[in-house]
Every structure is written in structure tokens, then in C-alpha cells.
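The chain contents come next:
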Amino acid sequence: MPIHLLDTLVVSKIAAGEVVERPASAVKELVENSLDAGATRITIEVQGGGLQSIRVVDDGSGIPAGEAALAFERHATSKLTSADDLMSITSLGFRGEALPSIAAVSQVSLLTRPSSAQAGTLVEAREGNVEGRKSQGSPPGTSIVVRRLFQNVPARLKFLRSEATELGHIQDLVSRFALCFPSVAFSLEIDGRKALASPGTGDGREAAAAVYGANVAADLVEIAPDEADDATYRVSGLVSPPSLHRANRNAISLFVNGRWVQNRSLTFAVVEAYQNLLPERRNPIAILRIAVPLEEVDVNVHPTKREVRFRREGDVFSAVQKAVRSTLVGAAPVAAFRAQGQAFGSAAGLSPWRPPPRPSEGQGALDLIPWRDNAGVDSGRETPRSILPVLRVVGQIQTTYIVAEGPDGMYLIDQHAGHEQVVYERVRDQVAAGAAERQGLLEPAVVELTPALEAALKSQQETLERYGFDLESFGEGACLVRAVPGAFRSRPGQALIEVLEALLDGDQEQASREWRLAATVACHSAVRAGDVLSHQEMSELVRSLEVAQEPYTCPHGRPIIIHLSTASLEREFGRR
Ligand code: ADP
Ligand code: MG
């Protein structure tokens with residue numbers, strides 16, 4: 001073939017491939033345009049995995065009638081004029097590529113009106129060409145509908161994953177927007193069902209609640225402000241305390257100057273800050289805003305703008321790590337307790353009676369029963385069973401801990417963690433023997449499922465049934481629960497949703513899925529902190545722990561037992 005210039009449609013389809021890889025990328029570009037237009041309310045509606053239609057409605061500035069068609073021209077933008085502007089970009093878009101790229105691979109209708117204009121403008125485009133423009137009534141703001149995405153690019157369609165996967169990407173993306181822009185009310189509807197709604201109150205914790213649920217959001221810790229006024233990089237946001245963690249790094253969101261970025265090195269900086277605070281292979285939740293001087297960061301690295309380059313990446317890395325670490329050490333008693341023995345006293349409320357720590361002692365007064373990874377449990381010298389001595393229950397404190405006496409001093413047992421471990425081992429053994437306890441419901445419960453959870457249910461139904469669920473499909477987006485694993489204390493609908501979330505969370509190895517499943521069942525069956533236990537119940541729990549295979553850590557890796565030895569008691573009271 002002789003060398004020739006490609007015609008414009010081919011050129012725009014090639015270019016579109018870089019910007020619009022999948023339905024979620026179209027959503028990203030449209031929402032970024034709405035944000036650049038100053039919207040405070042953005043509604044996203046997706047049909048058929050985004051391939052049938054994507055509709056984004058905003059209450060932003062709108063486009064004047066005379067410019068509405070121009071927006072579909074390649075490199076047409078209102079956000080940048082000179083090359084120098086590239087050094088100081090504050091808008092999310094600037095390349096003027098999104099609308100033409102989307103229009104090259106779909107059919108687009110744009111209805112827009114600036115609040116000052118009398119009427120709105122409707123522009124229709126397909127295959128990259130504007131096919132019509134007319135005046136039409138419209139509320140202030142912009143509404144864009146993208147239909148039949150990729151229908152003219154069969155090669156692209158072939159590479160798309162399942163509808164559930166594509167929807168997962170869209171939901172993830174809108175969640176990040178909601179976290180990044182707490183002042184904007186986002187609403188995502190998938191096939192007519194609400195998948196996400198953030199309140200837009202400007203409160204980061206409320207945005208986090210919309211994404212992760214109210215319980216998780218309430219536990220998040222605010223990043224402590226850096227005292228130095230002249231810090232080049234400012235880090236703010238919310239992070240999980242060490243007691244809250246995830247199987248993977250998906251819940252780490254990094255926003256650089258208001259832009260969600262995926263950056264392995266900064267993600268690692270966050271994980272590093274939790275070193276020695278989390279159980280092995282667990283990851284934190286973090287919502288971090290990093291303010292970087294404009295001239296220190298290049299956002300024009302990738303057509304999708306999801307990567308940025310820092311002039312001094314090492315400095316940004318340490319700023320992030322330091323901000324997170326100092327927040328954790330300052331705020332979380334668990335952190336101090338695991339980092340060094342002495343600090344535990346204050347965490348448990350013993351501090352008023354404790355003398356100042358004597359650093360020469362190293363360990364402090366309290367001896368922890370070893371963790372899984374410390375001496376003892378895994379050393380092979382003794383089996384775990386023989387390590388836990390026979391204990392006499394003394395009582396309960398704060399309706400959370402069981403106080404017991406053993407051959408060498410005092411033992412504190414976290415009642416929830418302990419019971420969780422006992423149930424976890426029982427469930428695991430029963431399922432292995434094909435004899436899970438099943439508890440039939442008098443009245444079956446109907447549970448509504450998001451597409452992602454529905455997909456998890458479809459692929460894992462057999463596993464769920466081995467664990468004691470009895471499930472029946474109940475039309476699109478819903479399922480009927482007839483039985484739940486025995487001993488389940490929470491509401492069956494909620495239980496199913498949490499179990500499905502656990503299946504989705506983290507790596508998709510079957511063994512790891514089953515571990516999460518058993519751990520979730522155990523968590524929901526176990527007594528809670530705050531439950532009043534009778535002496536007999538406490539004794540039964542302690543007896544069960546004595547015969548447990550791993551009585552020292554709960555399935556999530558938290559400690560179950562803390563030991564205060566006779567020797568350390570004597571030392572504390574000045575008897576030796
Ligand atoms: P860019 O965002 O890089 O400028 P786009 O192709 O995404 O390029 O959009 C082209 C132009 O269309 C934008 O610069 C903006 O002026 C206008 N525009 C697009 N979407 C909206 C919207 N939702 N509200 C107001 N103006 C918009
Ligand atoms: Mg744009």
C-alpha cells in the first residue's frame with residue numbers, strides 16, 4: 001500500500017481509542033467536563049453496561065449557543081490558550097479531545113444552556129460529525145446522552161469485559177469523584193437503580209459514608225495538619241485506624257490537586273505508613289488530598305490524565321508517608337500498643353497508675369502473648385493448643401473484655417475477637433466436612449443487589465450454599481434468601497450483602513475468597529463488644545478457646561488475648 005493520509009474519521013477513531021478505552025472512560029470525561037463547568041449536582045445514568053446509553057446531567061455553566069457545535073471539534077477547548085498554560089492547569093480537562101473522541105465512537109446528543117441565555121441548544125453528532133443544531137428549551141446546565149458506544153468499533157467491543165466488570169469500573173470511578181469532590185452531589189443510576197448518591201454537603205466524611213457506609217466512615221481518622229506553615233506539599237483527608245483494613249489496595253484514593261491519580265509509589269507510601277500496624281497482607285482505607293504547587297506536577301502525561309509526574313517524587317512520597325504515619329501514631333491507641341509495649345497502658349486505661357515508662361526495660365510491663373508471626377505459635381516447639389493455659393474467669397470489664405486468671409498472672413480476652421475465632425474454626429471445619437449449619441428462615445427475605453453484587457452471587461452461589469445459604473433468584477437485581485448459615489445473628493438480607501461484599505473485596509483466589517467468607521460469617525455470628533455475658537457464657541467461650549487451633553488471633557489478625565504476667569505485676573507494684 002502506498003503511503004497516504006488517513007481520512008478524518010479513521011484518524012478520530014484512532015485518537016478516540018486513546019481517550020475512550022471503555023464505557024467508564026466516557027463517564028470520566030463527561031463528569032470532568034461537568035466539574036470544570038462548576039456543577040454542584042451531577043447525575044449519571046447508565047444503561048446496558050454503558051454501551052446502550054450513558055447520560056450525564058449537570059447544573060454547571062452550560063455552553064453558549066454559538067459554541068455548542070464547536071465543542072465537538074478536535075482540540076476545541078475553553079480551558080487553555082497558550083502552551084504556557086500547560087504549566088499551570090487547574091481544570092480537569094484541557095486537551096479538547098473528549099467530546100470529539102466520544103462522538104467518533106457513538107451517537108451524542110448535547111442539550112445545554114447557560115443560565116443567562118433564554119433558550120438552550122441541542123446538538124446531535126454521530127460518527128464524529130455534527131448532524132444538527134437547534135434551539136430547544138432546557139434547564140440551565142448541560143445534559144449529554146451518549147448512545148451506542150463502540151457500536152461502530154467492533155474491535156473495541158471485543159476487548160470489553162463483562163457488563164458487570166464495566167459497571168464495576170463506572171461505580172468505582174464515580175465513587176472516587178464523590179470522595180474527591182464532597183461539595184458536589186453525585187448520583188449514579190445503573191439500569192434505573194440507584195448505585196451511589198453522595199450528599200454534596202462539603203463534608204469529606206459524609207462523602208466517605210456514601211461510598212463505604214456510615215460505620216466505616218465514622219471510624220476514619222482525619223489527617224493531622226502539618227505544623228510547618230511552609231510545607232510545599234499539603235496532605236489532608238481521612239485514613240482508616242489500624243483496626244480497619246482491606247484485602248487489597250482499592251480503597252486507597254489519591255487526589256493530586258483535585259484529580260484522582262493512580263500512582264503506585266504514592267500508594268506504597270500510604271501502605272508503608274501502616275508498617276507493623278496492620279495484620280500481614282492487609283491494606284488500609286485512605287482518602288488523601290495532596291496539594292502540590294502547579295509547577296511541581298505535570299498532568300499532561302497520558303491522554304486519559306490518570307497519571308501525573310512530579311518534579312520531586314521522593315519529596316511527595318515522604319510528605320504522604322509522614323502525614324499518614326503521624327496521624328496514626330497520634331490518634332490510634334492500637335498503633336501505639338503494637339509499636340511498643342509501654343504505650344499499651346494508656347490504651348487500656350491503666351495509665352494513671354503506671355509509673356513513667358522505663359526505657360531500659362525495653363518491653364515494658366506488659367508481655368503480649370505472641371502474635372502469629374512472633375515466637376511460640378509458629379515455631380513448632382509446641383502446638384498452639386498447649387500454649388493457652390487453663391484459665392479461671394474472674395469477670396467482664398466494659399462489657400468487652402473477659403478478665404481471667406491463669407497459672408502465670410492475668411489474662412484479658414477480647415470477647416468478640418475470641419468468639420469470632422471459635423466460630424470461624426467451627427464454620428471452616430463444618431464446611432470442610434460438608435455439614436454447614438443451616439438456619440431456615442420462617443419468612444424468606446428479598447434482598448436487592450447492585451449489579452456488582454449480583455455478579456458475585458452468580459459466580460459464587462455454589463460456594464455460598466456450601467456455607468449454609470439457601471438462595472433463589474428473584475428477578476433482575478434481587479434474590480430470595482431462604483436459609484442462612486446457622487448462628488447468624490444479623491438480619492439475613494444484610495448478612496448476604498456483607499458476605500457478597502467480602503467475596504468481591506480483595507484477590508479472587510478461591511482459597512482467599514473462602515477465608516473471607518468464613519471470616520464474615522464468624523464476625524456476624526460472634527458476640528459483640530458491649531454484649532453483657534453471664535459467667536457461664538464467659539467460661540464456655542474460654543473453654544472453646546482452650547481447644548481452638550489458633551486461640552491467639554482472630555481471623556482478621558487482631559489479638560485475642562493479652563497477658564499480664566505475675567512477674568510484671570510484682571514489678572509494677574514495686575514488690576521486686
Ligand atoms: P476539554 O474538556 O479538554 O476542554 P472536551 O472535548 O471535553 O475538551 O470539551 C470541549 C469543550 O466543551 C470544553 O472546553 C467546554 O468548554 C465545553 N463543555 C463540554 N462539556 C461541558 C459541560 N458539561 N458544561 C459546560 N461546558 C462543557
Ligand atoms: Mg473535557
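Residues numbered from 1 in each chain as written. Chains lettered and ligands numbered in written order. Predicted model: local features only at pLDDT ≥ 70, side-chain atom pairs only at ≥ 80, totals over all residues. Heavy atoms only, no water.

Moving on to the packing of aromatic side chains. Counted according to the given criterion, the structure contains 1 aromatic pair. With 6.1 Å between their ring centres and 20° between their planes, Phe177 and Phe186 make a pair best called stacked. With a relative accessible area of 1%, Phe186 lands in the buried category. Seen from the ring of Phe150, Arg156 lies directly overhead, with NZ or CZ sitting 5.9 Å from the centre. (Phe/Tyr/Trp six-rings, centres within 6.5 Å; stacked < 30°, edge-to-face > 60°. Buried < 20%, exposed > 50% of the residue type's maximum accessible area, 1.4 Å probe, protein only. Lys NZ or Arg CZ within 6 Å of the ring centre and 35° of its normal.)

Below, the discussion takes up the site of ligand 1. Surrounding ligand 1, one finds 20 residues, the nearest of these being Asn33, Thr77, Ser78, Lys79 and Gly96. Between ligand 1 and Ser78 there is a distance of 2.5 Å, counted from an oxygen atom to a side-chain nitrogen or oxygen. With respect to ligand 1, the backbone of Leu99 contributes an N or O atom lying 2.9 Å from an oxygen atom. Look at ligand 1: alone it shows 530 Å² of surface, and the protein chains cover 94% of it. Looking at the shell around ligand 1, the elements with two or more residues in it are helix H2 (23-36) and helix H3 (98-104). Ranked by residue count, the leading element in the shell around ligand 1 is H3, at 3 residues. (Near = heavy atom within 4 Å. Polar contact = N/O pair within 3.5 Å; in protein donor to acceptor, adjacent residues only side chain to side chain. Areas by Shrake-Rupley, 256 points an atom, 1.4 Å probe, with all protein chains shown as cover. Helix = DSSP H or I, 4+ residues; strand = E, 2+ residues; numbered from the N terminus.)

With that settled, the discussion passes to helix H6 (residues 204-212). Residues of H6 that are buried include every one of Ala207, Ala208 and Tyr212, and no others. Seen along its axis, H6 keeps its buried residues to an arc of 115°; they face one direction. Where H6 is buried, its residues meet helix H5 (163-180), helix H7 (214-219), strand E10 (234-239), strand E11 (252-256) and strand E13 (286-291). Two to three positions downstream of the cap, the backbone nitrogen of Arg205 sits 2.8 Å from a side-chain oxygen, assigning the N-cap of H6 to Asp203. Of the residues one or two after H6, Gly213 is the one with positive phi, at around 95°. (Arc of directions from axis to C-beta. Contact = heavy atoms within 4.5 Å.)

With 5 of its 6 residues buried, strand E18 (residues 409-414) lies for the most part within the structure. Here 6 bridges tie strand E17 (residues 401-406) to E18, and the two strands are oriented antiparallel to one another. Its bridge partner lying in E18, Ile402 is registered against Ile413. Joining the antiparallel neighbours E17 and E18 is a turn of 2 residues. Relative to strand E22 (residues 561-564), E18 runs antiparallel, the two sharing 4 bridges. (Pairing = 2+ DSSP bridges.)

Attention now moves to helix H16 (residues 510-525). Count 3.6 residues to each turn of an α-helix, and residues three or four apart come out pointing the same way. Over its 16 residues, H16 runs 22 Å from end to end, which matches the ideal 22 Å to within 8%, given 1.5 Å per residue. With 13 of its 16 residues buried, H16 lies for the most part within the structure. (Expected span 1.5 Å × (residues − 1).)

Moving on, we get to the state of the cysteines. Counting across every chain of the model gives 0 disulfides. Cys554 forms no disulfide, and the closest cysteine sulfur to it belongs to Cys523, at a distance of 8.3 Å. Owing to a relative accessible area of 0%, Cys554 belongs among the buried residues under this scheme. (Disulfide = S-S within 2.5 Å.)

The strand order across the open sheet built from 5 strands is E9-E10-E13-E11-E12, with neighbouring strands paired in mixed fashion. In this open sheet, the two edge strands, each paired with only one partner strand, are strand E9 (221-222) and strand E12 (259-261). Pairing between E9 and E10: 2 bridges, direction antiparallel. Bridging from a neighbouring strand, Glu222 pairs with Leu238 of E10. Packing of H5 onto the sheet brings it into contact with E11, E12 and E13, and relative to E11 it is tilted by some 55°. Here H6 sits on the sheet and contacts E9, E10, E11 and E13; the angle it forms with E10, its principal contact strand, is near 45°. (Axes fitted to C-alpha atoms, helices over the stretch in contact; angles between N-to-C directions.)

With that out of the way, let us pick up the nonpolar core. Counting residues in hydrophobic clusters, the biggest one holds 59 residues, and the most contacted among them are Val31, Ile42, Ile44, Phe186 and Leu188. In terms of residue count, H5 provides more of this core than any other element does, 8 residues in total. Counting contributing residues per domain, this core is built from domain 1 (8-197) and domain 2 (220-331), each supplying no fewer than three. The residues contacting Ile42, other than those within four sequence positions of it, are Val31, Ser34, Leu35, Val56, Val57, Asp58, Val184, Ala185, Phe186 and Ser187. Residues Tyr233, Ala286, Phe310 and Phe317 belong to the second largest nonpolar core, which totals 33 residues. (Core = buried A, V, L, I, M, F, W, Y, C linked by side-chain atoms within 4.5 Å. Domains from an automatic or database assignment.)

What follows covers the packing of H2 against H5. Following both chains from N to C, one finds H2 and H5 inclined at 25°, their axes separated by 8 Å at the closest point. It follows from the interaxial angle that H2 and H5 lie roughly parallel. Classified by chirality, the crossing of H5 by H2 is right-handed. When H2 is examined against H5, the residues Pro23, Ala24, Val27, Lys28, Val31, Glu32 and Leu35 are found in contact with a partner set consisting of Glu166, His169, Ile170, Leu173, Val174 and Phe177. Its residues placed into classes, the contact of H2 with H5 shows 9 nonpolar, 1 polar and 3 charged. (Parallel < 35°, antiparallel > 145°, perpendicular 65-115°, else oblique. Left-handed = near helix turned anticlockwise from the far one by under 90°. Nonpolar A, V, L, I, M, F, W, Y, C, P; charged D, E, K, R; others polar.)

An order of E5-E4-E3-E6-E2-E1-E7-E8 is seen for the 8 strands of this open sheet, with the pairing classed as mixed. Both edges of this open sheet fall to strand E5 (129-136) and strand E8 (193-197), since each of them pairs with a single strand only. Taking the axes of each pair of neighbouring strands and ignoring which way they run, one obtains an average angle of 15° across the sheet. Looking at chain direction, strand E3 (residues 107-113) and strand E4 (residues 120-126) are connected through 6 bridges and run antiparallel. What sits directly across from Leu111, in E4, is Leu122. On top of the sheet, H2 reaches strand E1 (41-47), strand E2 (53-58), strand E6 (141-147) and strand E7 (185-190); it is set at about 15° to E2, its chief contact.

A word on unusual backbone geometry. Phi is positive for Glu127, which is not a glycine, with a value near 50°. Tracing the chain through its elements places Glu127 in the loop between E4 and E5. The class for Glu127 is partly exposed, based on a relative accessible area of 33%. Positive phi, close to 40°, is recorded for Thr399, a residue that is not glycine. Here Thr399 is to be found in the loop between strand E16 (392-397) and E17.

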